[in-house]
Amino acid sequence: MPPHVFADLPAQPPEHETVDALISQTRQLRGGIDAVRRDAAVAEDDPQGRWQRALCDLAVHHLEDLGAHLGQLKEGLPQEGADAVDSELAEYEADGAAATGSLLSRVGSAEWNLLTDEVSWSDELYQILGRDPAGGPMSLDELPSMVFAEDQSLLTALVTDCLVDGRPIDGEFRMVRADGRVRTVHMMGEPVLDADGCTASMWAVLRDVSELRRSQRAVRETRDSLRRRQHIEETERRLAVEMQEAVLPPWRGSLQFPLDGPAALDVAAHYLPSASGALIGGNWHDALQLPGGDSLLSVGDLTGHGVAATSGMATVLGALRGMAVAGIHPGQLMEHLNQLLDTSSPPALGSAVCCRYDPVARTLSWAQAGHPAPVLFRNGTGRALATPGGVLLGATTGATYEQAELALLPGDLLVLHTDGLTHRDVAGECDTSRLTALAPRFAKARDAQECVRVVVEEFGENDREVDACVMVARISS
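Residue numbers run consecutively from 1 along every chain, following the written order of its sequence. Local features in this predicted model are restricted to residues whose pLDDT is 70 or higher, and side-chain atom pairs enter the listing and the counts only when it is 80 or higher, whereas totals over whole chains, interfaces and linings include all residues. For side-chain calculations, the full set of non-hydrogen atoms in the structure is used, while hydrogens and water are omitted.

> Could you give an account of the pattern of salt bridges, naming the residues involved and the relevant values?
Here, a salt bridge means any Lys or Arg side-chain nitrogen found within 4 Å of an Asp or Glu carboxyl oxygen. For the coordinates displayed, the defined rule picks out 13 salt bridges. The salt bridge involving aspartate 151 is made with arginine 174; its shortest N-O contact spans 3.0 Å. Here arginine 174 lies in strand 3 (residues 169–176) and aspartate 151 lies in helix 5 (residues 149–165), a separation of 23 residues in the sequence. Accessible area is worked out with a 1.4 Å probe on protein chains only. A residue is then buried under 20% of its type maximum, exposed over 50%, and partly exposed in between. You can call aspartate 151 buried: its relative accessible area is 12%. Across the pair glutamate 172 and arginine 213 runs a salt bridge, and its minimum N-O distance is 2.7 Å. Here arginine 213 lies in helix 6 (residues 210–247) and glutamate 172 lies in strand 3, a separation of 41 residues in the sequence. In DSSP terms, a helix is any run of H or I states spanning at least four residues, a strand is any run of E spanning at least two, and both are numbered starting from the N terminus.

> So what's going on with empty space enclosed by the protein? Residues and values would help.
Computed over the protein atoms alone on a 1 Å grid, cavities are sets of points where a 1.4 Å probe fits but cannot get out and pockets are open sets with protein on both sides within 12 Å along at least five of seven lines; a residue lines them when it has an atom within 4 Å of a point. Grid points are joined across faces, edges and corners, and a volume is the space filled by probe spheres set on the points. Inspection of the entire model under this criterion finds two cavities of 30 Å³ or more. Within this model, the second largest cavity holds a volume of roughly 50 Å³. Forming the walls of the second largest cavity are His61, Asp65, Arg106, Arg207, Asp208, Val209, Ser210, Glu211 and Leu212. At the level of elements, helix 2 (47–75), strand 5 (199–208) and helix 6 are the ones that each hand at least two residues to the lining of the second largest cavity. A total of three residues in the lining of the second largest cavity trace back to one element, the largest contributor, which is helix 6.

> Explain the pairing of strand 8 (residues 281–289) to me, using residue names and the numbers behind them.
Most of strand 8 sits inside the fold, with seven of its nine residues counted as buried. Pairing of strand 8 with strand 9 (residues 295–305) involves nine bridges; the strand directions are antiparallel. The residue of strand 9 that forms the bridge with asparagine 283 is aspartate 301. At least two bridges found by DSSP between two strands is the condition for calling them paired. Between the antiparallel neighbours strand 8 and strand 9 lie five residues, among them glycine 292 with a positive phi of about 95 degrees.

> Which residues make up the packing of aromatic side chains, and what values do they have?
Working definition: a ring pair exists when centres of Phe, Tyr or Trp rings (six-membered ring for Trp) sit within 6.5 Å. Plane angles under 30 degrees give stacked, over 60 give edge-to-face, the rest tilted. All chains considered together, the criterion is met by two aromatic pairs. With a centroid separation of 5.2 Å and an interplanar angle of 55 degrees, the aromatic rings of tryptophan 121 and tyrosine 126 are classed as tilted. We classify tryptophan 121 as buried; its relative accessible area is 9%. Residue class for tyrosine 126 comes out buried when judged on its relative accessible area of 8%. Ring geometry for phenylalanine 377 versus phenylalanine 442: centroids 4.9 Å apart, planes at 90 degrees, classification edge-to-face. Remark: phenylalanine 442 occurs in helix 10 (residues 439–444) and phenylalanine 377 occurs in strand 12 (residues 375–378); sequence separation between them is 65 residues.

> Summarise the sheet that holds strand 13 (residues 381–384); cite the residues concerned and give the values.
Ordered in space as 6-7-16-15-12-13, the six strands form an open sheet in which the pairing is antiparallel. Only two strands of the sheet have a single neighbouring strand rather than two, namely strand 6 (255–257) and strand 13. Strand after strand, the sheet turns through a mean of 20 degrees between neighbouring axes, direction not considered. We call two residues in contact when some of their heavy atoms are within 4.5 Å. Note on method: axes are straight lines fitted to C-alpha atoms, helices fitted across the in-contact stretch only, with angles between N-to-C directions ranging 0 to 180 degrees. Across the sheet, helix 11 (residues 448–459) is in contact with strand 7 (265–272), strand 15 (413–417) and strand 16 (468–475); its angle to strand 7 comes to roughly 25 degrees.

> Mind laying out unusual backbone geometry, listing which residues take part and the relevant values?
In this chain, phenylalanine 257 is followed by proline 258 through a cis amide linkage whose omega measures -5 degrees. Tracing the chain through its elements places proline 258 in the loop between strand 6 and strand 7. Of note in this structure, aspartate 117 is not a glycine but carries a positive phi near 65 degrees. Mapped onto the elements of the fold, aspartate 117 is located in the loop between strand 1 (107–113) and strand 2 (119–121). Note on aspartate 117: relative accessible area 65%, which makes it exposed. The residue arginine 362 is not glycine, and still its phi comes out positive at about 55 degrees. Its location among the elements puts arginine 362 in the loop between strand 10 (350–358) and strand 11 (363–369).

> Break down the sheet that holds strand 10 for me, with residues and values.
Strands sit in the order 8-9-10-11-14 across an open sheet of five strands; the sheet is antiparallel. Each end of this open sheet is capped by a strand with a single partner; those strands are strand 8 and strand 14 (404–407). Taking each pair of neighbouring strands and ignoring which way they run, the sheet shows an average axis angle of 15 degrees. As paired strands, strand 10 and strand 11 are joined by seven bridges and run antiparallel to one another. Across the sheet, residue cysteine 354 finds its bridge partner in strand 11, namely alanine 367.

> Tell me what's going on with the packing of helix 7 (residues 307–325) against helix 8 (residues 330–342), and back it up with residues and numbers.
Two elements in contact, helix 7 and helix 8, have axes whose closest approach is 10 Å; the angle formed by their N-to-C orientations is 150 degrees. Read as a crossing pair, helix 7 and helix 8 show a hand that is right-handed. Note on element contacts: helix 8 touches helix 7 through Leu333, His336, Leu337, Leu340 and Leu341, opposite Thr315, Val316, Ala319, Leu320, Met323 and Ala324. Each residue receives one of three labels: charged for Asp, Glu, Lys and Arg, nonpolar for Ala, Val, Leu, Ile, Met, Phe, Trp, Tyr, Cys and Pro, and polar for the others, Gly being one of them. Among the residues making up the contact of helix 7 with helix 8, the classes are represented as nine nonpolar, two polar and no charged. Should the near helix be turned counterclockwise from the far one by less than a right angle, the crossing is left-handed, whereas a clockwise turn marks it as right-handed.

> Mind laying out the nonpolar core, listing which residues take part and the relevant values?
Judged by nonpolar contacts, the single largest core of 25 residues is most densely connected at Val267 and Leu297. Every element with two or more residues in this core is listed here: strand 6, strand 7, strand 9, strand 10, strand 11, strand 14, strand 15 and strand 16. Once residues lying within four places of it in the same chain are set aside, the contact partners of valine 267 are Trp251, Gly253, Ser254, Leu255, Phe257, Ala287, Leu297, Ala448, Met471, Val472 and Ala473. Within the second largest apolar cluster, 24 residues are counted, among which are Leu143, Val147, Ile169 and Met175. As used here, the term nonpolar core means buried Ala, Val, Leu, Ile, Met, Phe, Trp, Tyr and Cys residues forming a set that is joined through side-chain atoms within 4.5 Å.

> Please provide a residue-by-residue account of helix 11, values included.
One less than the residue count of a helix, multiplied by 1.5 Å, gives the span that helix is expected to have. An ideal rise of 1.5 Å per residue puts 16 Å on twelve residues; helix 11 measures up with 16 Å between its terminal C-alpha atoms. Turning to helix 11, its buried residues number three or more, namely Ala448, Gln449, Glu450, Cys451, Val452, Val454, Val455 and Phe459. Think of a polar contact as two N or O atoms within 3.5 Å of one another; within protein, one of them needs to be a possible hydrogen donor and the other a possible acceptor, and neighboring residues in sequence only count if both atoms come from side chains. Of the residues that open helix 11, the one with a side-chain oxygen 3.3 Å from the backbone nitrogen of glutamine 449 is aspartate 447.

See below:
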């Protein structure tokens, strides 16, 4: 490349120890990024993974640039001591060439002499533009013929400003090689002035930045895709939360049944979110006074998360309330809910337990559909109730559900919960040992709300993977 205009003083060579260290650090960084790229398994439907991979590709391009520039610095070092880094630099350039081609082969130079009309191109520039050296270099008038029509005016303006006004060239345009391949080229140059200050020639460095721009474009596109995905997820989560809050019972604290007479049943419930708070499932709890003085208690869970699960939960809970008010008892009620989910579009699966309490006879009628049984606490001990038959809601057409009856005593306490509260044992059954171990604390509690707080303290751990619901009902004396 011709010397820079007025660059009469010789450049001071950098200390080779510094360049050695920089080359070594650059190569280590390149190796580290390559390892990250190899280890990262990116699925086609994972926008975050594709964005991270694009960033790695872009970082590799920048490190290739840095390695090439350091190599050029190294070439300017005194020969003494330069041999020490020859093998390392060669390895670095070989690594880059194996992946995308040597960066040095993507940088070429040219000089156009305005006084003699001589033109000189470096071998690399012929390679970049796909031009046969036998055809010779192109003049400044011929060069635009290789440029995209939309970019020709930019190149013309850059060259004119350089030759007429002495402005440096710094622009980027697309060029079509002889083989039809399109390359993006970044051109930088300056005029060379004669003794009278007039432009005698123009030199330029042309760099093929096609791969670099492709990587930058991939980063932008994957980042935008990731942001859209995150926006959609945040919107869906907000809608799911709002729908859940609108559907679940609005009451807080203990609820006394019947509402218009001496309390026979003290009820409290709580929703426990997952640790991340991002997975809003179809968990529900509900307590409702029925015509005639009976009370409805239910908890359940629909499979899935997000808006689909919460909207399905709203449908099921509305149907459950309507049928209970109409006088349908738990066993038959489960059959109707099963038919509802089995015929829904798309089909859905769910589990539920439904209890109907008669305060006069102090009897509990209940049925379940693939759900953990209520846990009864009496006289300081707790046990899960024997489970009547019943498959998951929506699992099979025409399923029947057994109904169980249980006589309750004053002071008895029932805990209803979804399976997200407790872990399952080897047999797939809910492990209620932690729950039954709370019997002494329940015995000291003043009301159902305090019992719920005990459950939350025990099971509201920070590493909860899924959300859950719990309901406590205590029979009044």
